[in-house]
Amino acid sequence: SIRCPARGREREGHEHWVTCAVLDAKFGVLYSGSMDRCIKAWDAYNGECLRTYIGHTDWVNSLHIMGDTLYSASDDGHVRLWRIATLLDSSDTDDQLEVWEEHTAAIRAMVPCGQRMVTADSSGTLKCWRLGDIVQMGSLSSVQSGVGVVTCLSA
């Protein structure tokens, strides 16, 4: 079971507010996204920072894990795909796998739905992405919501 570190053992890490988080219970890793444009992977057992993912140029707003991939969405309008961190992996290899750059506004929400990922941006545009072979990923459709900023999605 995963336990939170005892009070007083909080770790410093992000340089700005945390805006999202997701737990990979299989590997015991907690990921946090922040206004500092970084994603951090934390050992959920002892609070140690395992890795910092750098690549977004604006706030990170949403994180999801599917399989062995971490998906992050940001105000920079990009979805980035990262290799997940494990407690046994200490490599310094490039963790970024792919970048989706189809949005022209800040991505405010992201949700997986079967073999698809749906993203929504501050212009009200929704995009549906097919998941699978990284080379084959792309935008399947774009729908203008007409209601302004989309701030959350649910599948």
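These figures come from a predicted structure and were not determined experimentally. (Residues numbered from 1 in each chain as written. Predicted model: local features only at pLDDT ≥ 70, side-chain atom pairs only at ≥ 80, totals over all residues. Heavy atoms only, no water.)

Caption draft 1: Just the sheet that holds strand β8 (residues 96–100), in detail. Here we have 4 strands laid out as an open sheet, ordered β5-β6-β7-β8, and antiparallel in their pairing. Edge positions in the sheet fall to β5 (60–66) and β8, since each has one partner strand and no second. For this sheet, the mean inter-axis angle between neighbouring strands, taken without regard to orientation, is 20 degrees. Pairing geometry for strand β7 (residues 79–83) and β8, over 4 bridges, is antiparallel. Pairing of Trp82 across the sheet is with Gln96, part of β8. (Pairing = 2+ DSSP bridges. Helix = DSSP H or I, 4+ residues; strand = E, 2+ residues; numbered from the N terminus. Axes fitted to C-alpha atoms, helices over the stretch in contact; angles between N-to-C directions.)

Caption draft 2: Quick look at the pairing of strand β1 (residues 18–24). Pairing geometry for β1 and strand β2 (residues 29–34), over 6 bridges, is antiparallel. Following the sheet pairing, Leu23 is matched in β2 by Leu30. From the end of β1 to the start of β2, which pair antiparallel, there are 4 residues, and Gly28 there has a positive phi angle of about 70 degrees.

Caption draft 3: Looking closely at the nonpolar core. One finds Cys20, Val22, Val29, Tyr31, Ile39, Ala41, Tyr53, Val60, Leu63, Leu70, Trp82 and Ile84 forming the largest nonpolar core, which totals 12 residues. When contributions to this core are tallied by element, the ones reaching two or more residues are β1, β2, β3 (38–43) and β5. Counting 11 residues, the second-largest nonpolar core is a separate cluster that includes Met66, Leu81, Ile107 and Met110. (Core = buried A, V, L, I, M, F, W, Y, C linked by side-chain atoms within 4.5 Å. Buried < 20%, exposed > 50% of the residue type's maximum accessible area, 1.4 Å probe, protein only.)

Caption draft 4: Fine view of the environment of Leu126. Structurally, Leu126 can be placed in strand β11 (residues 125–130). We classify Leu126 as partly exposed; its relative accessible area is 24%. Once the C-alpha coordinates of Leu126 and Ala109 are considered, the two residues, 17 residues apart in sequence, prove to be 9.4 Å apart.

Caption draft 5: The arrangement of the sheet that holds β3 in detail. The 4 strands lie next to each other as β1-β2-β3-β4, forming an open sheet whose pairing is antiparallel. In this open sheet, the two edge strands, each paired with only one partner strand, are β1 and β4 (49–54). The sheet shows a mean angle of 20 degrees between the axes of neighbouring strands, taken without regard to direction.

Caption draft 6: Seen up close, unusual backbone geometry. Not every positive phi belongs to a glycine, and Arg37 is a case in point at roughly 75 degrees. Looking at the element boundaries, Arg37 is found in the loop between β2 and β3. The exposure class assigned to Arg37 is partly exposed, which follows from its relative accessible area of 43%.

Caption draft 7: Local environment of the environment of Trp17. Among the structural elements, Trp17 can be located in the segment before β1. Of the residues examined, Trp17 reaches a relative accessible area of 62% and is grouped as exposed. Residues Trp17 and Trp59 lie 42 residues apart in sequence; the distance between their C-alpha atoms is 9.6 Å. Setting aside residues no more than four positions away along its own chain, Trp17 makes contact with Gly33, Ser34 and Met35. (Contact = heavy atoms within 4.5 Å.)

Keep in mind that these numbers describe shape and distance, not what the molecule does.
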